[in-house]
Amino acid sequence: MVINGTLRPYSPGVSLIKEALKDVKVGRLNVPAGTQLYLSLSAVHCDIDIWGEDANKFNPARFKEPRRHLASFIPFALGPRNCAGQNLAMVEMKTILAMIIRQYSLEVSSTYVHAPMLYITLQPQYGVQILLTRIMK
Ligand code: HEM
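Fair warning: this is a prediction, and the values are worked out from it, not measured in the lab.

*Asks:* Before we go on, may I ask you to explain the overall build of the chain in this structure?
*Replies:* Broken down by element type, the chain carries 4 helices and 8 strands. Of the regular secondary structure in the chain, the N- to C-terminal order runs α-β-β-β-β-α-α-α-β-β-β-β. Relative to the compact-globule value of 14 Å for 137 residues, the chain shows a C-alpha radius of gyration of 18 Å, a clear excess of over 25%. Oriented by its inertia axes, the alpha-carbon framework of the chain measures out at about 60 × 30 × 30 Å. Scored against the burial criterion, the 137 residues of the chain give a buried share of 19%. Taking the contacts inside the chain whose residues are at least 6 apart along the sequence as the reference set, 52% of them involve residues at least 24 apart. Accessible area for the chain stands at about 10,400 Å²; split by element, carbon and sulfur atoms hold 60% of it. In the chain, 15 positive and 9 negative side-chain charges are present, and the distance between their average locations comes to 8 Å.

*Asks:* How should the nonpolar core be read in this particular structure?
*Replies:* Most often, soluble globular proteins have nonpolar side chains that are buried together. Within the largest apolar cluster, 8 residues are counted, these being Ile3, Leu7, Trp51, Ala55, Phe63, Phe73, Phe76 and Met90. Every residue in contact with Ala55, bar those within four places of it in the chain, is listed here: Arg8, His45, Cys46, Asp47, Ile48 and Arg62.

*Asks:* I would appreciate a short explanation of the UniProt feature "binding site: heme" (unreviewed entry) in the chain in the present structure.
*Replies:* The feature "binding site: heme" (unreviewed entry), as given by UniProt, occupies Cys83 in the numbering adopted here. Relative to the helices and strands, Cys83 resides in the loop between helix 3 (48–51) and helix 4 (86–103). Residue classification places Cys83 among the partly exposed positions, given a relative accessible area of 32%.

*Asks:* Can you help me understand the site of the ligand in this one?
*Replies:* As a matter of local geometry, the ligand sits amid 14 residues, with Lys18, Pro75, Phe76, Arg81 and Cys83 nearest to it. With respect to the ligand, the side chain of Arg81 contributes an N or O atom lying 2.7 Å from an oxygen atom. The greatest single-element share of the shell around the ligand, amounting to 3 residues, is contributed by helix 4. Looking at side-chain class alone, the shell around the ligand contains 10 nonpolar, 2 polar and 2 charged residues.

*Asks:* When you look at the packing of aromatic side chains in this model, what are you seeing that I'm missing?
*Replies:* How two aromatic rings sit relative to each other is given by the distance of their centres and the angle of their planes. What the rule picks out here adds up to 2 aromatic pairs. Ring centres of Trp51 and Phe63 lie 5.8 Å apart, and the angle between their planes is 40 degrees; this geometry places the pair in the tilted category. In this pair, Trp51 sits in helix 3 while Phe63 sits in the loop between helix 3 and helix 4, placing the two residues 12 residues apart along the sequence. Since its relative accessible area comes to 13%, Phe63 is described here as buried. Taken together, Trp51, Phe63 and Phe73 form an aromatic cluster joined through their ring pairs. The ring of Trp51 has Arg8 sitting right over it, with the charged end atom 5.1 Å from the ring centre.

*Asks:* Explanation requested: the environment of Asn59 in the structure shown.
*Replies:* Mapped onto the elements of the fold, Asn59 is located in the loop between helix 3 and helix 4. Asn59 gets classed as partly exposed once you look at its relative accessible area, which sits at 29%. C-alpha of Asn59 to C-alpha of Asn30: the two residues are 29 residues apart in sequence and 36 Å apart in space.

What counts, and at which threshold
Residues numbered from 1 in each chain as written. Predicted model: local features only at pLDDT ≥ 70, side-chain atom pairs only at ≥ 80, totals over all residues. Heavy atoms only, no water. Helix = DSSP H or I, 4+ residues; strand = E, 2+ residues; numbered from the N terminus. Rg over C-alpha atoms; globule rule 2.2 N^0.38 Å. Buried < 20%, exposed > 50% of the residue type's maximum accessible area, 1.4 Å probe, protein only. Contact = heavy atoms within 4.5 Å. Areas by Shrake-Rupley, 256 points an atom, 1.4 Å probe, with all protein chains shown as cover. Lys, Arg positive; Asp, Glu negative; His and termini not counted. Charge placed at Lys NZ, Arg CZ, Asp CG, Glu CD. Core = buried A, V, L, I, M, F, W, Y, C linked by side-chain atoms within 4.5 Å. UniProt positions renumbered as here; feature names shortened; annotations may be inferred. Near = heavy atom within 4 Å. Polar contact = N/O pair within 3.5 Å; in protein donor to acceptor, adjacent residues only side chain to side chain. Nonpolar A, V, L, I, M, F, W, Y, C, P; charged D, E, K, R; others polar. Phe/Tyr/Trp six-rings, centres within 6.5 Å; stacked < 30°, edge-to-face > 60°. Lys NZ or Arg CZ within 6 Å of the ring centre and 35° of its normal.

Next up, the structure:
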């Protein structure tokens, strides 16, 4: 839930660019062959019609319930050309997170400035300073 809760507002890939190879109808929209489509993941992931008025808020508990729309959360894209490394990425993130929180408690440093920035992927402009305290056992 925490990983999905983070990938929703802060997907590393903020958009997908696709080109229609043939004339296609998407809902009520006629898309002629050759049209380039820019699909903003951020717009979908923070759409208040889908996620509610607090769509911009970090709230992993949203992922407790099954999603109403399949395409409402697509950090790894969707369909035959979705991310080939999706499962590996999820396993890596879960493993690393579990290894860290097993031994350390985390606190965001007072020097942290929240400034997501697009530089090929979405990145924290000034880094993420975190204070780690070893958990005594
Ligand atoms: C959090 C981590 C990751 C995210 C959010 C992510 C996201 C994405 C997205 C959105 C796409 C679709 C791009 C597009 O259609 O324009 C993609 C494609 C792809 N990703 Fe990832 N990815 C991640 C990690 C990885 C890893 C770890 C690997 C490989 C080890 C990987 C390999 C690929 C490949 C090969 C494609 C192209 C698939 C194709 O075109 O058929 N990704 N990824």
